[in-house]
Amino acid sequence: SASSSSPVLESFGNAQTLRNHNSSRFGKFLKLMYGSDGEQESAAISSYLLERSRVVRPPAGEANYHVLYQFAGGCEPEAREALEVLSTEAYGSALPAGSGRMKEGDGLHRPEAWKETVAALEVVGFGPEEVQTLRRMLSAVLHLTSLAFDEAEDSHGQRAAAVRDTAASGRAARCLQVPQTALEEGLTSRTTIVGGETLVKALDAVQAADAADALAKAVYGRMFESIVARINQLVGGKEGELPFIGILDIFGFEAFETNSFEQLCINFANEMLQAQFNADTFRFQQAEYEAEGVPWQHIEYEDNTAIIELLAARRVGAFALLDEECRLQTGTADSFIEKLARSRPAGDELFSVPKLKRAKGGAEFSIKHYAGLVTYETSLFIVKNTDPLLPELSELIGNSECAPLAALFPPDAKKESGAKSRALFSTTVGTRFKEQLGSLMSAIQATHVHYVRCVKPNPKSVSAEFDNALVAEQLRCAGMLEAIRISRAAYPHRLPCGAF
């Protein structure tokens, strides 16, 4: 059943954050389809915006995805030997301990949890070979995160990177089932074709490390998408025009000390959902007054349309201007902020650029969201929006001897058609997310919506303790204060007829 997939998706898509031991780092929309007899006939899962950057560099004080800890600490002895999996400590930068609030043996990091994840995969319907392929991919990701590079001047006077530890690149290549020399060349150089002539350009150590990170993120991200697709095959069926119950489990509003591109996308999704929530609250008020015969006039309330336009306007919205900057070879985060600032009207209260920059990090801008002011640090915006993967590496993995892995990296359509060049990306992450979100909102608007708000009473995860400030912050981020404000704009006091 669809419910049996939850432990699998939690292991591969959830992580410990500063606020939550088991935070979902992707959005999920579950559709349960029903026949005319009221029996469930099929199900379908859609996933949104997996936080790929966490795979190689979890935010300070947070942890990586649960399954990476489970596998590194608890994979079977024969698999550990065959796939050359090292200890959890050996992958220190990729597998930090997290915030330290997780109790010993409590949570999804313990080695024994890997057996539970395998059992959950088997319950859903994954076969032994499919589980073994996932072991191989997880091993490859871990090995790629452990690569380091040195650099020296080559014969042309350029800074050229070289793998520091060829034993580590050998482990990664064997898990990926590609030639080690080809992997090392793909990580340390780039091939371009100019006027029919093939040119090989050496990458420096920083560029090589970025290439290794991009490959690790690509393998993990595509593996996750393949898991969702396989679950849909196992529990799904033809959707057709069947009535359905949809359950949306999506990330809440986020505002941390340092906020990056992921938070911008997450908060944009929450702005869209808040607009829908406001509209539903207004419609509920109107229907209630009409049902009870109460005379009423149109309720005026402030919506968040202006913020949505700031982010998603076709040519001058934040996502459109970021895409424009990403397509320029000389594009920078500073230039993106300058263009965004020029597009805003004078005296804009929703957008601002902090006058004082932080000691570390790149340029920043702030947006006054419905839940409060959030400042975004943009140094990695362009990289995260393009999510670039060198074409040579994509082609290399596409020719892997591991057929299921190779299938996740299909041939480049432009190359197959004889195009002269290939870009590092086609559609940006922001554009794909906007399109997904548009489809999701269309589905939501075609349904009768019910809202469930989860409130965490205290940061210690203990009973009988209520933190007023924490709860108030969650209510504000969940849009509840906006809903109350709309209610108060009409008839805020409600009494049963008898009591009145």
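Residues numbered from 1 in each chain as written. Predicted model: local features only at pLDDT ≥ 70, side-chain atom pairs only at ≥ 80, totals over all residues. Heavy atoms only, no water.

Novice: Just checking my understanding: could you explain helix α12 (residues 333-343) for this structure?
Specialist: Working note: α-helix, 3.6 residues per turn, so residues spaced by three or four point in the same direction. Along α12, the residues that are buried comprise Ala333, Ser335, Phe336, Ile337, Lys339 and Leu340. At its buried positions, α12 is contacted by α11 (318-326), β10 (351-352), β11 (364-369) and α13 (381-386). (Buried < 20%, exposed > 50% of the residue type's maximum accessible area, 1.4 Å probe, protein only. Helix = DSSP H or I, 4+ residues; strand = E, 2+ residues; numbered from the N terminus. Contact = heavy atoms within 4.5 Å.)

Novice: In this structure, what is going on with the sheet that holds β11? I would like to understand it.
Specialist: Adjacent strands of a sheet form backbone hydrogen bonds with each other and so pair up, either parallel or antiparallel. If you walk across this open sheet you meet the 3 strands as β10-β11-β12, and the pairing is antiparallel. Two strands bound the open sheet, and with one partner strand each, they are β10 and β12 (372-377). Relative to β11, β10 is paired through 2 bridges, and the arrangement is antiparallel. Each residue of the ladder has a partner; that of serine 352, found in β11, is serine 366. Its contacts with the sheet put helix α10 (residues 305-312) on β10 and β11, and the angle it makes with β11 is roughly 150 degrees. (Pairing = 2+ DSSP bridges. Axes fitted to C-alpha atoms, helices over the stretch in contact; angles between N-to-C directions.)

Novice: What's the story with the environment of glycine 252 in this structure? I'm lost.
Specialist: Relative to the elements of secondary structure, glycine 252 occurs in the loop between β9 (244-249) and α9 (261-292). Along the backbone, glycine 252 and asparagine 270 are 18 residues apart, and their C-alpha atoms lie at a distance of 6.7 Å.

Novice: When you look at the packing of aromatic side chains in this model, what are you seeing that I'm missing?
Specialist: In this structure the tally under the stated criterion is 13 aromatic pairs. Between phenylalanine 26 and phenylalanine 224, the aromatic rings sit 4.9 Å apart at their centres with planes inclined by 70 degrees, giving edge-to-face as the arrangement. With a gap of 198 residues between them, phenylalanine 26 in the loop between β2 (23-24) and β3 (27-34) and phenylalanine 224 in helix α8 (residues 205-235) connect regions that are remote in the sequence. With relative accessibility at 3%, the residue phenylalanine 26 sits in the buried group. Taken together, a centroid distance of 6.0 Å and an interplanar angle of 85 degrees make the contact between phenylalanine 365 and phenylalanine 381 edge-to-face. On the criterion of sequence distance, the pair formed by phenylalanine 365 in strand β11 and phenylalanine 381 in helix α13 is long-range, its members being 16 residues apart. Across the pair, phenylalanine 381 and phenylalanine 365 agree in class, each one buried. Each residue in the set Phe261, Phe268, Phe319, Phe336, Phe351, Phe365, Tyr376 and Phe381 is aromatic and connected to the rest through ring pairs, giving one cluster. Residue placement shows lysine 31 over the ring face of phenylalanine 244; its charged tip is 4.4 Å from the ring centre. The ring of phenylalanine 277 has arginine 453 lying over it, and the distance from NZ or CZ to the ring centre is 4.5 Å. (Phe/Tyr/Trp six-rings, centres within 6.5 Å; stacked < 30°, edge-to-face > 60°. Lys NZ or Arg CZ within 6 Å of the ring centre and 35° of its normal.)

Novice: Mind showing me how you'd approach the pairing of strand β5 (residues 149-153) here?
Specialist: Bridge count between β5 and strand β6 (residues 159-163): 5 bridges; the pairing is antiparallel. Bridge pairing links glutamate 151 to alanine 161 in β6. Count of turn residues in the β5/β6 antiparallel hairpin: 5 residues, of which glycine 157 carries a positive phi of about 80 degrees.

Novice: What is the right way to read the packing of helix α5 (residues 128-145) against helix α6 (residues 166-176) from this model?
Specialist: The description of two packed helices rests on the angle between their axes and on the distance between the axes. Across the interface, α5 lies against α6 with an axial gap of 8 Å and an inter-helix angle of 155 degrees. Between α5 and α6, the crossing angle belongs to the class labelled roughly antiparallel. Where α5 crosses over α6, the handedness of that crossing is left-handed. Where α5 abuts α6, its residues Arg136, Ser139, Ala140, His143 and Leu144 lie against Arg171, Ala172, Arg174, Cys175 and Leu176. (Parallel < 35°, antiparallel > 145°, perpendicular 65-115°, else oblique. Left-handed = near helix turned anticlockwise from the far one by under 90°.)

Novice: Before we go on, may I ask you to explain the pattern of salt bridges in this structure?
Specialist: Any two side chains of opposite charge can pair, on the condition that their charged atoms come close. Per the stated rule, a full pass over the model turns up 18 salt bridges. Here arginine 54 and glutamate 51 are joined by a salt bridge, their closest N and O atoms 2.8 Å apart. When the shortest N-O distance is used, the salt bridge between arginine 57 and aspartate 213 registers 2.9 Å. With arginine 57 in the loop between β4 (40-48) and α2 (66-74) and aspartate 213 in helix α8, this residue pair connects regions lying 156 residues apart in the sequence. One salt-bridge network, held together by shared partners, links Arg25, Glu51, Arg54, Glu62 and Glu254. (Salt bridge = Lys/Arg side-chain N within 4 Å of Asp/Glu carboxyl O.)

Novice: Sorry, what's going on with the nonpolar core here?
Specialist: Across soluble globular proteins, nonpolar side chains show a tendency to be buried alongside one another. Ranked by internal contacts, the top residues of the largest apolar core, which has 77 residues, are Phe12, Leu138, Leu176, Leu183, Leu215, Tyr220 and Ile231. Per-element accounting of this core gives the leading share, 16 residues, to α8. Each residue touching leucine 176, except ones within four places of it in the same chain, is listed here: Ala140, Leu144, Leu183, Leu215, Val219, Ile397, Ser400 and Leu405. In this structure, Leu311, Tyr370, Leu440 and Ile444 belong to the second largest nonpolar core, which totals 42 residues. (Core = buried A, V, L, I, M, F, W, Y, C linked by side-chain atoms within 4.5 Å.)

Novice: Would you explain a nonpolar patch on the surface in this entry?
Specialist: A cluster of nonpolar side chains, Val455, Leu475, Leu481 and Ile484, forms an exposed patch at the surface whose accessible area comes to about 310 Å². Considering the arrangement of structural elements, one finds leucine 481 in helix α19 (residues 480-488). (Patch = residues over 30% accessible without salt bridge, like charges linked within 9 Å, V, L, I, M, F, W, Y side chains within 5 Å. Areas by Shrake-Rupley, 256 points an atom, 1.4 Å probe, with all protein chains shown as cover.)

Novice: What am I meant to see in the pairing of β11 here?
Specialist: Each regular strand shows side chains that alternate between the opposite faces of the sheet. Most of β11 sits out of view: 5 of its 6 residues are buried. Sheet analysis places β11 next to β12, joined by 6 bridges and oriented antiparallel. Looking at the pairing, serine 366 lines up with threonine 375 of β12. Between β11 and β12, which pair antiparallel in sequence order, lie 2 residues.

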